[in-house]
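Listed below are the residues making up each chain.
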Amino acid sequence: MASTRFPPHFAQTDHRQRSLNQMRSKQLSLEKYIYLNGLKGRDSNLFYDILLENMQEMIPILYTPTVGEACVNYSHIWRRPEGLYVSIEDKGRIRDVLATWPKLNDGRIAVVTDGSRILGLGDLGANGLPISLGKLDLYIAGAGIKPSSTVPICLDLGTNTQRYLDDPLYIGVRRPRPLAAEMDAFMDEFMEAMKEVFPTLLVQFEDFSTDNAFKYLERYRHQYRVFNDDIQGTGSVILSGFTNAARLSSAASGLPPSDHKILFLGAGSAGIGVAKQLLSFFTLSGLSPEEARSRIYTVDSKGLVTANRKGLQEHKKFFARTDYDGPALTDLVDIINHVKPTALLGLSTIRNAFTEKVVKAMCALNPRPIIFPLSNPVALCELDYQDAIEWSDGQVIFASGSPYKPLSHNGVVYEPGQGNNMYIFPGIGLGAILSRTRHVSDAMVEQAAIALANSLTEEEKAAELVYPRLARIRDISAQVAFAVIRQAQKDKLDDNAYLRTLPDSDLLGLIHDKMWQPSALQLRSFTRL
């Protein structure tokens, strides 16, 4: 911008506060999202400076829950190119498309979505790009990943949502999604091209359909630098929160950690991914893998998942019960009374699925029941925090996927936990980048969860929190990254030999030093011509 366009006394004002006031003046969350999106395009340094100072206010706008609304409406609110689209029509020349990215040599991390299962909102097709953009903003804010090293990608593979195909403003290719063989061939070419064009880049898959999320994670995880946040990240952050919740619950009941039972409502990619990660809680408590699996029960739209059910999807078979052959159990209260769980976790995207009867059934079995309604956004959450506190008379140990505010009940202030993946994936990403790990191992994800669980301060423990406060996210991410790096070294997956030579205190200091900060804002006064 030419210097003469600045008002003569502009430098004497606080433009950071002006921009924040402009954002706050917007009445609707989507309007705030659009404003912040524009600010990032005009002045990314100012955008990230404001974000770092106001994370608790801005993260719900840039990511869940508002990002879901942004995705649904993206074809109508689109203003400028922001990320990289790779279309099914690009097959055979995907490498050439990727090579158009302007900062090829800087790329260190990409968030890749195909828009097929956005936040429980369904198949949004090419409208899914804001998920990749928002996730990368959280990498930047949470772990100091350098903005120029991030690559947001949306795979435009068509959509099976008719209203988008009929929408004259829809920005994606107008065709149904490909069948498995065509999709597999596309993904194979895409991943190989990513390795060629961005040889040092970590790929994070985001919001693929359930079957494809599992399939492509398994297909590529030992071949490329790749992980899936819906499966591994969600599982890791819930493992951490559950570890702290189980400690509080066991203190009230006297139950040994290995005797907990977990009931999942929701058996999609997120539900099964979390369940598999929680196996670690039991194996770390001394159980065998088979004994650990017996402590976990899953429920889908047809009821308790049992091995004798016909047509059972492949990913649901792992936790399917073999110890029940009676009539199908479909009512959640009946299932609770049969299983007698200490913990109820929701990843069903069914609003208010945890009714008052459900909460009271859990309270009847446990002095301090663990209830984690984890579906995003709030409109799909299984249980609101106020209802959980009132129906349990404050005894519930609660964490949700979406943010809730503290509240008072009978003169006591209760502070909710949020099982926000932001506690985990920025640190995993930073640790993987710094260690130059060749793959992301299960042990690395598990150690990330343990580091998060151990990151509570004494004050946070006294407040009976299950997650640390988000205001400390960079310190938390540094601890997670440290654990990831050390585990990568144990797994012999790291290519950065220098980090092996550093004592723990020096490595933690290096991690902090590597975190990007916006440069100091210096607004100059200009001579008017």
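Residues numbered from 1 in each chain as written. Predicted model: local features only at pLDDT ≥ 70, side-chain atom pairs only at ≥ 80, totals over all residues. Heavy atoms only, no water.

### Section: the environment of Leu-493
1) Next: Here Leu-493 is to be found in the loop between helix 21 (473-490) and helix 22 (504-513).
2) Next: Distance from Leu-493 to Thr-437, taken between C-alpha atoms, is 5.2 Å for residues 56 residues apart in sequence.
3) Next: Residues within four places of Leu-493 in sequence aside, it is in contact with Arg-436, Thr-437, Arg-438, His-439, Ser-441, Met-444 and Ala-488. (Helix = DSSP H or I, 4+ residues; strand = E, 2+ residues; numbered from the N terminus. Contact = heavy atoms within 4.5 Å.)

### Considering helix 11 (residues 210-220)
1) Next: All of the buried residues along helix 11 are Thr-210, Asn-212, Ala-213, Phe-214, Tyr-216, Leu-217 and Tyr-220.
2) Next: Its buried side turned inward, helix 11 meets helix 10 (180-197), strand 4 (202-205), strand 5 (226-228), helix 12 (229-253) and helix 13 (269-284). (Buried < 20%, exposed > 50% of the residue type's maximum accessible area, 1.4 Å probe, protein only.)

### Notes on the sheet that holds strand 9 (residues 343-346)
1) Next: Strand order in the open sheet formed by 7 strands is 8-7-6-9-10-11-14, with mixed pairing between adjacent strands. Two strands lie at the open edges of the sheet, namely strand 8 (303-304) and strand 14 (417-418), each paired on one side alone.
2) Next: Inspection of the sheet shows strand 10 (residues 370-373) paired to strand 11 (residues 397-400) by 2 bridges, in the parallel sense. Paired with Ile-370 across the bridge in strand 11 is Ile-397.
3) Next: Taken strand by strand, helix 15 (residues 332-339) contacts strand 6 (262-265), strand 7 (296-300), strand 8 and strand 9, and its axis lies near 160° from that of strand 6. (Pairing = 2+ DSSP bridges. Axes fitted to C-alpha atoms, helices over the stretch in contact; angles between N-to-C directions.)

### Some details on the packing of aromatic side chains
1) Next: Within this structure, the stated rule accounts for 16 aromatic pairs.
2) Next: Each ring, one from Tyr-216 and one from Tyr-220, has its centre 5.9 Å from the other, and the planes form 10°; the classification is stacked. Linking Tyr-216 with Tyr-220, this pair stays in helix 11, spanning 4 residues, or about one helical turn. One exposure class covers both Tyr-216 and Tyr-220, and it is buried.
3) Next: Connected via pairs of aromatic rings, a cluster forms that spans Phe-205, Phe-208, Tyr-216, Tyr-220 and Tyr-224.
4) Next: Taking NZ or CZ as reference, Arg-163 lies 4.7 Å from the ring centre of Tyr-164, over its face. (Phe/Tyr/Trp six-rings, centres within 6.5 Å; stacked < 30°, edge-to-face > 60°. Lys NZ or Arg CZ within 6 Å of the ring centre and 35° of its normal.)

### Some thoughts on the packing of helix 3 (residues 44-53) against helix 4 (residues 55-62)
Packed helices, taken two at a time, are described by the angle their axes make and the gap between the axes.
1) Next: At a closest axis distance of 6 Å, the pairing of helix 3 and helix 4 adopts a crossing angle of 115°. Residue-level inspection shows Phe-47, Ile-50, Leu-51, Leu-52 and Glu-53 of helix 3 in contact with helix 4, the latter providing Met-55, Met-58 and Leu-62.
2) Next: Looking at the contact of helix 3 with helix 4 residue by residue, the class counts come to 7 nonpolar, no polar and 1 charged. (Nonpolar A, V, L, I, M, F, W, Y, C, P; charged D, E, K, R; others polar.)

### A word on the UniProt feature "domain: Malic enzyme NAD-binding" (unreviewed entry) in the protein chain
1) Next: As annotated in UniProt, the feature "domain: Malic enzyme NAD-binding" (unreviewed entry) corresponds to residues 231-489 in the numbering used here.
2) Next: From the first C-alpha to the last, residues 231-489 spans 23 Å; its make-up is 45% helix and 12% strand. (UniProt positions renumbered as here; feature names shortened; annotations may be inferred.)

### Section: the environment of Gly-107
1) Next: Inspection of the secondary structure assignment puts Gly-107 in the loop between helix 7 (94-98) and strand 2 (109-113).
2) Next: Judged by its relative accessible area of 2%, Gly-107 falls in the buried class.
3) Next: The spatial distance from the C-alpha of Gly-107 to the C-alpha of Ser-269 is 28 Å, given a sequence separation of 162 residues.
4) Next: Filtering out sequence-adjacent residues up to four positions away, Gly-107 remains in contact with Ser-149, Val-151, Phe-198, Thr-200 and Leu-201.

### Things to note about the packing of helix 15 against helix 16 (residues 356-365)
1) Next: Interhelical geometry of helix 15 versus helix 16 gives an angle of 10° and a closest axis separation of 9 Å. Relative to helix 16, helix 15 is oriented roughly parallel. Listed contacts from helix 16 to Leu-332, Val-333, Ile-336 and Asn-337 of helix 15 are Lys-357, Val-358, Ala-361, Met-362 and Leu-365. (Parallel < 35°, antiparallel > 145°, perpendicular 65-115°, else oblique.)

### A look at helix 22
1) Next: Buried residues of helix 22: Leu-507, Leu-510 and Ile-511, and no others. In a view along the axis of helix 22, the buried residues occupy a sector of 100°, so they form one face of it. In helix 22, the exposed positions that point more than 90 degrees away from the buried face belong to Ser-505 and Asp-513.
2) Next: Elements in contact with the buried residues of helix 22: helix 18 (425-435) and helix 21. (Arc of directions from axis to C-beta.)

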